[in-house]
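# Survey of secondary and tertiary structure
Below, each chain spelled out in residue letters.
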Amino acid sequence: VDGAKGILIYRGYPIEELAEYSTFEETAYLLLHDDMPTVKELREFTEDIRASRALPAFLIDILRTMPKSSLPMDVLQAAVPLLAADDPDLADDSREANHRKAVRLIARVAAVAAAWHRVRNGRDLLPPDDGLSHAGNFLWQLQGEKPDRETAKDLDTALILHADHSFNASTFACRAVVSTRAHMYAAVAAGVGALSGSLHGGANAQVMKMLDALKEEKDVAAWVRRELDNGRKIMGMGHAVYKTTDPRARFLKNMCF
């Protein structure tokens, strides 16, 4: 991240190029392996993600017993270390084993989020669809409808834009945990906890609350002026790291129109 110039680069690739021309699966492979995959490598990586989507039965049972008022990020933070119990590579700290753990986490974090949405709304859980991309399958398991191509592509792009943001609070938390030689699931659980805060990933939830509160507002411009005059922040307006433009914003803005 070069906040002064508004630049975000993943492993040598500008975020603009990845958002325009890559897929989430390809970008995830890049982040894990430090290089773009060949056609064969990408196919195998994508198949590994698809093969890891199903959640263990004991975790589904636990989700169904949790209070429906539980916050999604709290549920996710609780679920991640439980997934460790179902990982055959948990005790193996080799690079190859850790790559396999990472693939399982990529697949199953999305599955947990979709499952919890359906559980707390009293809906049946849906099996994964191996014919869909990672983004498309998440939307299917979340909503119970196959997404159209444009919607799936929008989410795929959003996942690319959020895949890496250097040394932020959640990645710091992950690194602090693994520095003790704790396993990857413990580290990711800590990262989810850090991400949930309103000054980090939880800022998105604050934006949604603000927008919900503005549904009946007749003069939004006047509301904004009042908030600023009273020293309050307008949530979602920019990122503290960037002093010019957040390079991700252009793509997210285009999705809104």
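The coordinates are above.
Residues numbered from 1 in each chain as written. Predicted model: local features only at pLDDT ≥ 70, side-chain atom pairs only at ≥ 80, totals over all residues. Heavy atoms only, no water.

Another aspect to go through is the overall build of the chain. Secondary structure assignment for the chain yields 13 helices and two strands. Counting only C-alpha atoms and orienting by the principal axes, one finds that the chain spans roughly 55 × 45 × 40 Å. Counting over 257 residues, the chain shows a buried share of 37%. Accessible surface, the chain: about 14900 Å² in total, of which carbon and sulfur atoms supply 56%. Distance from the positive charge centre (32 side chains) to the negative charge centre (36 side chains) of the chain: 4 Å. (Helix = DSSP H or I, 4+ residues; strand = E, 2+ residues; numbered from the N terminus. Buried < 20%, exposed > 50% of the residue type's maximum accessible area, 1.4 Å probe, protein only. Areas by Shrake-Rupley, 256 points an atom, 1.4 Å probe, with all protein chains shown as cover. Lys, Arg positive; Asp, Glu negative; His and termini not counted. Charge placed at Lys NZ, Arg CZ, Asp CG, Glu CD.)

The next thing to look at is the nonpolar core. Ranked by internal contacts, the top residues of the largest apolar core, which has 20 residues, are L55 and V112. Contributions of two or more residues to this core are made by α4 (57-65), α5 (72-84), α6 (95-120) and α10 (184-195). What V112 contacts, discounting residues up to four positions off in sequence, is L55, L59, L76, A79 and L83. The next biggest cluster of nonpolar side chains, apart from the first, holds 19 residues, and it includes F24, I49, V103 and L161. (Core = buried A, V, L, I, M, F, W, Y, C linked by side-chain atoms within 4.5 Å. Contact = heavy atoms within 4.5 Å.)

Turning our attention to the packing of aromatic side chains. Per the counting criterion, the structure on display carries two aromatic pairs. On the numbers, 5.5 Å between centres and 85° between planes, the contact of Y29 with F45 is edge-to-face. Pair noted here: Y29 is in helix α2 (residues 24-33) and F45 is in helix α3 (residues 39-51), with a separation of 16 residues, a long-range link. Under the relative-accessibility criterion, F45 is labelled buried at 5%. (Phe/Tyr/Trp six-rings, centres within 6.5 Å; stacked < 30°, edge-to-face > 60°.)

Within the structure shown, the criterion is met by 13 salt bridges. Between D130 and R53 there is a salt bridge whose closest N-O contact spans 3.9 Å. Taken as a pair, D130 in the loop between α6 and α7 (134-143) and R53 in the loop between α3 and α4 lie far apart in primary sequence, 77 residues in all. The exposure class assigned to D130 is partly exposed, which follows from its relative accessible area of 47%. With a shortest N-O distance of 2.9 Å, D246 and R248 are connected by a salt bridge. (Salt bridge = Lys/Arg side-chain N within 4 Å of Asp/Glu carboxyl O.)

This brings us to the packing of α4 against α5. One can describe the packing of α4 onto α5 by two numbers: an axis separation of 11 Å at closest approach and a directional angle of 155°. It follows from the interaxial angle that α4 and α5 lie roughly antiparallel. α5 is crossed by α4, and the crossing has right-handed handedness. When α4 is examined against α5, the residues F58, L59, I62 and L63 are found in contact with a partner set consisting of V75, A79, L82 and L83. For the contact of α4 with α5, the class distribution of residues is eight nonpolar, no polar and no charged. (Axes fitted to C-alpha atoms, helices over the stretch in contact; angles between N-to-C directions. Parallel < 35°, antiparallel > 145°, perpendicular 65-115°, else oblique. Left-handed = near helix turned anticlockwise from the far one by under 90°. Nonpolar A, V, L, I, M, F, W, Y, C, P; charged D, E, K, R; others polar.)

For the rest of this paragraph, the subject is a nonpolar patch on the surface. On the surface, a cluster of nonpolar side chains totalling about 200 Å² of accessible area is made up of F58, I62 and L82. Mapped onto the secondary structure, L82 falls in helix α5. Under the relative-accessibility criterion, L82 is labelled partly exposed at 30%. (Patch = residues over 30% accessible without salt bridge, like charges linked within 9 Å, V, L, I, M, F, W, Y side chains within 5 Å.)

The next subject is α4. Those residues of α4 that sit buried are L59, I60 and L63. Looking straight down α4, one finds its buried side chains confined to an arc of 100°; they lie on one side. Across α4 from its buried face, at more than 90 degrees, point the exposed residues A57 and T65. At its buried positions, α4 is contacted by α5 and α6. (Arc of directions from axis to C-beta.)

In this section: unusual backbone geometry. The phi dihedral of D34 is positive, around 65°, even though this residue is not glycine. Within the secondary structure, D34 sits in the loop between α2 and α3. Of note in this structure, S166 is not a glycine but carries a positive phi near 65°. If you trace the backbone, S166 turns up in the loop between α8 (149-161) and α9 (169-178). By relative accessible area, S166 is classed as partly exposed at 36%.

We now examine helix α11 (residues 203-213). Of the residues making up α11, those classed as buried are A203, V207 and M210. For α11, the buried positions fall inside an angular range of 65° around the axis, keeping them on one side. Opposite its buried face, α11 presents the exposed residues N204 and K209, each directed more than 90 degrees away. Buried residues in α11 make contact with α12 (220-229).

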